[in-house]
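# Examining the three-dimensional arrangement
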Amino acid sequence: MDNLITGSLHNIEHLFGLENFDFLHHDVSKFVHVPGPLDYILHFASPASPIDYLRIPIQTLKVGSLGTHNLLGLAKDKKARILVASTSEVYGDPLVSPQSEQYWGNVNPVGPRGVYDEAKRFQEAITMAYHNFHGLDTRIVRIFNTYGPRMRPNDGRALPSFIGQALRGEDITVFGTGEQTRSFCYISDQVEGIYRLLFSPYTYPMNIGNPEELTILNLAQKIISLTGSSSKIKLEPLPEDDPKRRRPDIDLATTILDWKPKISLEAGLIKSIKYFKDLYAIENTNQNI
Ligand code: UDP
């Protein structure tokens, strides 16, 4: 189920032929009706790029709050287990590093990112309330920066932006001094962690991410080098409330799920660069037809 506000049907067209696959074009912030039984609900619906929160702030707030409420109600009705996608943004601009699940965060509720951060914090609160009050079978994953093939090329996030700029030979737009850090988890590692959490008995929030931390400037340099690009780095103003550092403490996931990421940043970048290169080659061919 997706309203496709930031998603694309292209990303799932290979699934349409499968016998057990069905797609519903619907906004989960509106009442959700699904006929028949349901065993598991995985709620990932939300814009996830800072430029999207600025463009569609109300929808971002609604899907994390009203959308989550609707899906918790659906899970209760169907007696299904529900996993909700929370985020490292619940830690805001963290004052401790790495961030463990014990940390309560440092969020500006009325800043530009507040619409995402606070919706996700509400999501965690209402999910725990359904668990404690209604005995609903719930899981909460705090997802840290994740990347890989099928990201939207122009979604404004650092990784697809830098790869696109490097492949086109344009300046790489690093915000601020580029000294802020992030830790990027490759998609197949992220999916494996979430899958293990879904089938574990653990019901409190759990971080899933890659603790390999680097500065954004360093990310830009790595992408320039792996693409063999002649692009230069251009510094631009840092967006308001941009977190200065982000790195998951994954002790809990390692202990409870016996999980840790396997794909190094370099290996994941090579796969992602190939994806974007192929995508741009197809676009160029289509433009020349
Ligand atoms: N960033 C950047 N240039 C861009 C896009 C993002 O320097 O073109 C920076 C951004 O300011 C942040 C980091 O890269 O410090 C990661 O940003 P992103 O939007 O990918 O995700 P975030 O972790 O902030 O949600």
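It should be emphasised that the depicted structure is a prediction, and the values quoted were computed from it without experimental measurement.

Attention now goes to the overall build of the chain. The helix and strand tally for the chain stands at eight helices and 10 strands. Relative to the 2.2 N^0.38 estimate, which gives 19 Å for 289 residues, the radius of gyration of the chain is 19 Å and therefore close to what a compact globule would have. Projected onto the principal axes, the alpha-carbon positions of the chain cover approximately 55 × 50 × 35 Å. When contacts within the chain are restricted to residue pairs at least 6 apart in sequence, those whose partners lie at least 24 apart make up 81%.

When two helices pack together, you describe them by how their axes are tilted relative to each other and by the distance separating the axes. Between helix α4 (residues 158–168) and helix α6 (residues 216–227), whose axes approach to 9 Å, the crossing angle comes to 40°. With respect to each other, α4 and α6 are oriented oblique. For the element pair α4 and α6, the recorded crossing hand is right-handed. Between α4 and α6, the contacting residues are A158, F162, I163, A166 and L167 on the first element and I216, L219, A220, I223, I224 and T227 on the second.

Pairing is parallel across the open sheet formed by four strands, whose spatial order is β1-β2-β3-β8. Of all strands in the sheet, those bounded by a partner on one side alone are β1 (40–43) and β8 (206–208). Each strand of the sheet is rotated relative to its neighbour by a mean of 25°, with strand direction disregarded. Relative to β8, strand β3 (residues 138–143) runs parallel, the two sharing three bridges. Within β8, the position partnered with V141 by the bridge is M206. Sitting on the sheet, helix α3 (residues 114–134) touches β2 (81–87) and β3, and the angle it makes with β2 is about 155°.

Further remarks concern α4. Counting buried positions along α4 yields eight of 11 residues, so the element is predominantly enclosed. If you check which residues of α4 are buried, you get A158, L159, S161, F162, I163, Q165, A166 and L167. Where α4 ends, the next residue or the one after it, G169, has phi of about 75°, a positive value.

The next thing to look at is the site of the ligand. Taken together, 15 residues form the shell around the ligand, and within it R157, A158, S161, F175 and Q180 come nearest. At the level of secondary structure, the elements contributing two or more residues to the shell around the ligand comprise α4 and β5 (172–175). Top contributing element to the shell around the ligand by residue count: β5, with three residues. Along the lines of polarity and charge, the residues of the shell around the ligand split into seven nonpolar, five polar and three charged.

On to unusual backbone geometry. Peptide bonds are mostly trans, and most non-glycine residues show a negative phi. Each neighbour pair has its own omega, and for S97 with P98 the value is -5°, a cis peptide bond. For P98, the location among the structural elements is in the loop between β2 and α3. Within the chain, L4 stands out as a residue other than glycine whose phi angle is a positive 60°. Relative to the assigned elements, L4 resides in the segment before β1. At D241, a residue that is not glycine, the phi angle is positive and equals roughly 65°. Locating D241 in the fold gives a position in the loop between β10 (233–236) and α7 (251–257). With 17 C-beta atoms packed within 10 Å, D241 lands in the partly exposed category.

On to the confidence of the model for the chain. For the chain, mean pLDDT is 96; residues scoring 70 or higher make up 99% of the total. Across the interfaces of the predicted complex, the ipTM metric reaches 0.97, alongside a pTM of 0.97.

Counting 46 residues, the largest nonpolar core has I82, V141 and F162 as the members making the most contacts within it. The element best represented in this core is α4, accounting for six residues. When neighbours within four sequence positions are excluded, V141 is seen to be in contact with L83, A85, S86, I194, L197, M206 and I208. Grouped together as the second largest cluster of nonpolar side chains are five residues, Y53, L61, V115 and Y116 included.

Thresholds, definitions, all that
Residues numbered from 1 in each chain as written. Predicted model: local features only at pLDDT ≥ 70, side-chain atom pairs only at ≥ 80, totals over all residues. Helix = DSSP H or I, 4+ residues; strand = E, 2+ residues; numbered from the N terminus. Rg over C-alpha atoms; globule rule 2.2 N^0.38 Å. Contact = placed C-beta atoms within 7 Å. Axes fitted to C-alpha atoms, helices over the stretch in contact; angles between N-to-C directions. Parallel < 35°, antiparallel > 145°, perpendicular 65-115°, else oblique. Left-handed = near helix turned anticlockwise from the far one by under 90°. Pairing = 2+ DSSP bridges. Buried ≥ 20, exposed ≤ 12 C-beta atoms within 10 Å, placed from the backbone. Near = placed C-beta within 6 Å. Nonpolar A, V, L, I, M, F, W, Y, C, P; charged D, E, K, R; others polar. pLDDT = per-residue confidence, 0-100. Core = buried A, V, L, I, M, F, W, Y, C linked by C-beta atoms within 7 Å.

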